[in-house]
Each structure stands twice: as structure tokens, then as C-alpha cells.
Amino acid sequence: MDKIYQSYYTESADIVKYMVDSLDITDGCVILEPCAGSGVFIDAILSENKSFSLDAYEMNDDAVKLLRRKYSGQPHITIHQSDTLLDQNLLYRIDTNIGFDRIIANPPYGAFQDLDKR
């Protein structure tokens, strides 16, 4: 998407379907999408017609605006503008075992991290 974030979005419907099918979503699942991008995985999860809650994280301002517009009517989807590697609330959830049933994401494809962040 841009050189700052070195974003790579999944555009293959086959890959999206494979990834979502692999989640084996059941009613009541709590799902983490740590780098939501344009929401292609969220869209596919919505098409499963299951009850779930989803926390989506994204750093890119434009992507966050898009996600908030797309899912504004979905109270079970929460959009966070944050770096999942450094987000204190997310780390607290993990540390206190208030975790997630499923996680779906593209891997962070080599985005540069400055020395302080590393």
C-alpha cells in the first residue's frame, strides 16, 4: 500500500477462502486480526454467518478510516489503530489469558523496524 508500512494485501479470493476455512469458526469465537488492511479476511468471516467478536488492528491511517466506515454498523467488530507488537491493551489481554480463539492475518512481510522499536 505504501512504503512507510510496506503493506501487502491479500487479493486472491482462493487464499482468503482457504485462510478463513482453516479458522473453523464456531459461534461465539473471539477473533484477532492483527493487521487488517482493507478487511478482506473480515469480509470473508462475515460471510460465514456465525456469531463472533473480532478485534482488528491496523496502523495505516487510510486503512483505519476505511475499516471504520466499512464496519461501523457491526458492533461485534472493533477497529484499533495501533501497532500490534507494541499495543499495551493487547499485550495485557494475552498476558492475563484473556486471549482469542482464532487469529487470522498476513505475516508482516519485512517492514523495517528502527533500532529503538526492535
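The preceding data block contains the structure.
Keep in mind that this is a model prediction, so the values were computed, not measured.

Student: Got a minute to help me understand unusual backbone geometry in this structure?
Tutor: When glycine is set aside, most residues are seen to have a negative phi, and most peptide bonds are trans. The phi dihedral of Asn-49 is positive, around 55°, even though this residue is not glycine. Positionally, Asn-49 belongs in the loop between helix H2 (40–46) and strand E2 (52–58). Phi at Asn-97 takes a positive value of approximately 60°, unusual for a residue other than glycine. When you line up the elements, Asn-97 lands in the loop between helix H4 (88–95) and strand E4 (102–103).

Student: Quick question: what am I supposed to make of the environment of His-76 here?
Tutor: Mapped onto the fold, His-76 is located in the loop between helix H3 (61–70) and strand E3 (77–81). With 24 residues separating them along the chain, His-76 and Phe-52 place their C-alpha atoms 6.9 Å apart. Every residue in contact with His-76, bar those within four places of it in the chain, is listed here: Leu-46, Phe-52, Ser-53 and Leu-54.

Student: When you look at the nonpolar core in this model, what are you seeing that I'm missing?
Tutor: Within soluble globular proteins, side chains that are nonpolar generally end up buried alongside one another. Val-20, Ile-31, Ile-45 and Leu-54 are the most contacted members of the largest nonpolar core, which has 20 residues in total. Secondary-structure elements contributing two or more residues to this core are helix H1 (13–23), strand E1 (29–33), H2, E2, H3 and E3. Considering each element in turn, this core owes the most residues, four residues, to H2. Beyond its immediate chain neighbours, meaning those up to four positions away, Val-20 contacts Ile-25, Phe-41, Ala-44, Ile-45, Glu-48 and Ile-104.

What counts as what
- Residues numbered from 1 in each chain as written.
- Predicted model: local features only at pLDDT ≥ 70, side-chain atom pairs only at ≥ 80, totals over all residues.
- Heavy atoms only, no water.
- Helix = DSSP H or I, 4+ residues; strand = E, 2+ residues; numbered from the N terminus.
- Contact = heavy atoms within 4.5 Å.
- Core = buried A, V, L, I, M, F, W, Y, C linked by side-chain atoms within 4.5 Å.
- Buried < 20%, exposed > 50% of the residue type's maximum accessible area, 1.4 Å probe, protein only.

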